[in-house]
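The chain contents come next:
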Amino acid sequence: MRINTTTTQQIVVSQSKIPNHRLTKMKTLFFLLLLGTASADCSFSDGDTAPLILPRHEVYGNGRIFDITHRITTAMPSYFSPDGMLGQFLWLPHSMKNGSIANMSVFKLPTHTGTHVDSPGHFFDHYLDAGFDVDTLDLEVLNGPALLVDVPRDKNITAEVMKSLNIPKGVRRVLFRTLNTDRWLMFKNQFDTSYVGFMKDGAEWLVENTDIKLVGIDYLSVAAFDDLITSHLVFLESREIILVEALKLDDIQPGIYSVHCLPLRLQGAEGSPIRCILIK
């Protein structure tokens, strides 16, 4: 297989030494690009016709690992969008089809898009001014044993509901699955204010009577729409509780898992999209 360069010299790569010829081509091209010797024409023509299969999954490791992060799409609901859905967020200004040596996208997203995390600065301006952004969140809280519970489907999360869940002392991370999952609200293309969330008294009961430091829920806000501000204030005031919102909790049995959530290190940002998984 021969690769054209900007010089008159031709570099010959022997496929016999490396069985995976696709990997060989990628490594060779990358090496040439680093040297600055590859031409703008980065195409290869060795007759590859094998179909490409997209490896998209929700469950990995023979049912042991669950991806509880929603895929970001143009049609997903968005709280701050005028029409209730996210819209275009991804552009490809550098395209190989247009002569670029590689594809390179640009994206623009609200920091509270899809599955995301809130920092204390989300509802406390002086915390944000003081630097309490997503880069200050405790990764130990965001990673570790977690309890997935089903919330009664006929009401918001009140103090009464919290009492009924009987969450044991010592549990530090709880993911609350609600009617939002049953209604597939995160798969609708408009923001729905009728979602289930924490009322102020439910947030107060959790703060005062449990050891929970990570609160996860299955829609874009942990707080019910009617108590949007007050519930957030209760949760975030101490700077000890981390809120993870819009989790994808369908088809997962209640119980104890290991949760792993990693936000982007966005200095100065009060929120960030986050990738979360559960491991049995």
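Residues numbered from 1 in each chain as written. Predicted model: local features only at pLDDT ≥ 70, side-chain atom pairs only at ≥ 80, totals over all residues. Heavy atoms only, no water.

What to know about unusual backbone geometry
Residues other than glycine seldom take positive phi values, yet Arg239 does so here, at roughly 65°. Mapped onto the secondary structure, Arg239 falls in the loop between α7 (228-236) and β11 (242-245). At Asp251, a residue that is not glycine, the phi angle is positive and equals roughly 60°. Topologically, Asp251 is positioned in the loop between β11 and β12 (255-263). (Helix = DSSP H or I, 4+ residues; strand = E, 2+ residues; numbered from the N terminus.)

A word on the state of the cysteines
Scanning the entire structure with this criterion turns up one disulfide. Here Cys261 pairs with Cys276 through a disulfide, and the sulfurs are 2.2 Å apart. Disulfide Cys261-Cys276: torsion about the S-S bond near 125°, hence right-handed. Residue Cys261 is located in strand β12, and its partner Cys276 is located in strand β13 (residues 271-279); the two are separated by 15 residues in the primary sequence. Residue classification places Cys261 among the buried positions, given a relative accessible area of 2%. (Disulfide = S-S within 2.5 Å. Buried < 20%, exposed > 50% of the residue type's maximum accessible area, 1.4 Å probe, protein only.)

Examining the side chain of Asp133
By the element assignment, Asp133 lies in the loop between α2 (125-129) and α3 (139-142). Buried charge without a salt bridge: Asp133, with Arg265 as the nearest opposite-charge side chain at an N-O distance of 8.4 Å. A distance of 2.6 Å separates a polar atom in the side chain of Asp133 from the backbone nitrogen of Gly268. Contacts of Asp133, omitting those with residues within four sequence positions, involve Ser119, Leu266, Gln267, Gly268 and Ala269. (Lys, Arg positive; Asp, Glu negative; His and termini not counted. Salt bridge = Lys/Arg side-chain N within 4 Å of Asp/Glu carboxyl O. Polar contact = N/O pair within 3.5 Å; in protein donor to acceptor, adjacent residues only side chain to side chain. Contact = heavy atoms within 4.5 Å.)

Section: the nonpolar core
Counting residues in hydrophobic clusters, the biggest one holds 26 residues, and the most contacted among them are Ile157, Ile167, Phe176, Phe198, Leu206, Val215 and Phe235. Contributing elements (two or more residues each) for this core: β8 (143-150), α4 (159-165), β9 (173-177), α6 (200-209), β10 (214-217) and α7. Counting residues in hydrophobic clusters, the runner-up holds 23 residues, among them Leu148, Ile242, Ile252 and Cys276. (Core = buried A, V, L, I, M, F, W, Y, C linked by side-chain atoms within 4.5 Å.)

Concerning the packing of α6 against α7
At a minimum axis separation of 8 Å, α6 and α7 run at an interaxial angle of 10°. As summarised for this structure, α6 and α7 are arranged roughly parallel, according to the angle between their axes. Contact with α6, carried on its side by Lys200, Ala203, Glu204, Leu206 and Val207, involves Thr230, Ser231, Val234 and Phe235 of α7 and no other residues of that element. The residue makeup of the contact of α6 with α7, split by class, is five nonpolar, two polar and two charged. (Axes fitted to C-alpha atoms, helices over the stretch in contact; angles between N-to-C directions. Parallel < 35°, antiparallel > 145°, perpendicular 65-115°, else oblique. Nonpolar A, V, L, I, M, F, W, Y, C, P; charged D, E, K, R; others polar.)

Considering a nonpolar patch on the surface
A surface patch of nonpolar side chains, about 320 Å² in accessible area, is lined by Tyr79, Phe80 and Phe225. Examined against the element boundaries, Phe80 turns out to sit in the loop between β4 (65-67) and β5 (90-94). (Patch = residues over 30% accessible without salt bridge, like charges linked within 9 Å, V, L, I, M, F, W, Y side chains within 5 Å. Areas by Shrake-Rupley, 256 points an atom, 1.4 Å probe, with all protein chains shown as cover.)

Section: the pattern of salt bridges
Oppositely charged side chains can form a pair if their charged atoms are brought close together. As enumerated under the stated definition, the model contains 13 salt bridges in all. The partner of Glu58 in a salt bridge is Lys248, and the shortest N-O contact between them spans 3.4 Å. Here Glu58, found in the loop between α1 (21-35) and β3 (59-60), pairs with Lys248, found in the loop between β11 and β12; they are 190 residues apart in sequence, far enough to count as distant. Overall, the relative accessible area of 30% leaves Glu58 in the partly exposed class. For Glu204, the salt bridge identified is with Lys200, shortest N-O distance 3.9 Å. With Glu204 and Lys200 both in helix α6, this residue pair falls four residues apart, about one helical turn. Take Glu204: its relative accessible area is 28%, and that puts it in the partly exposed class. Classification of Lys200 by relative accessible area gives partly exposed; the value is 37%. Among the ionic contacts, a cluster of salt bridges with common partners joins Glu58, Arg71, Lys248 and Asp250.

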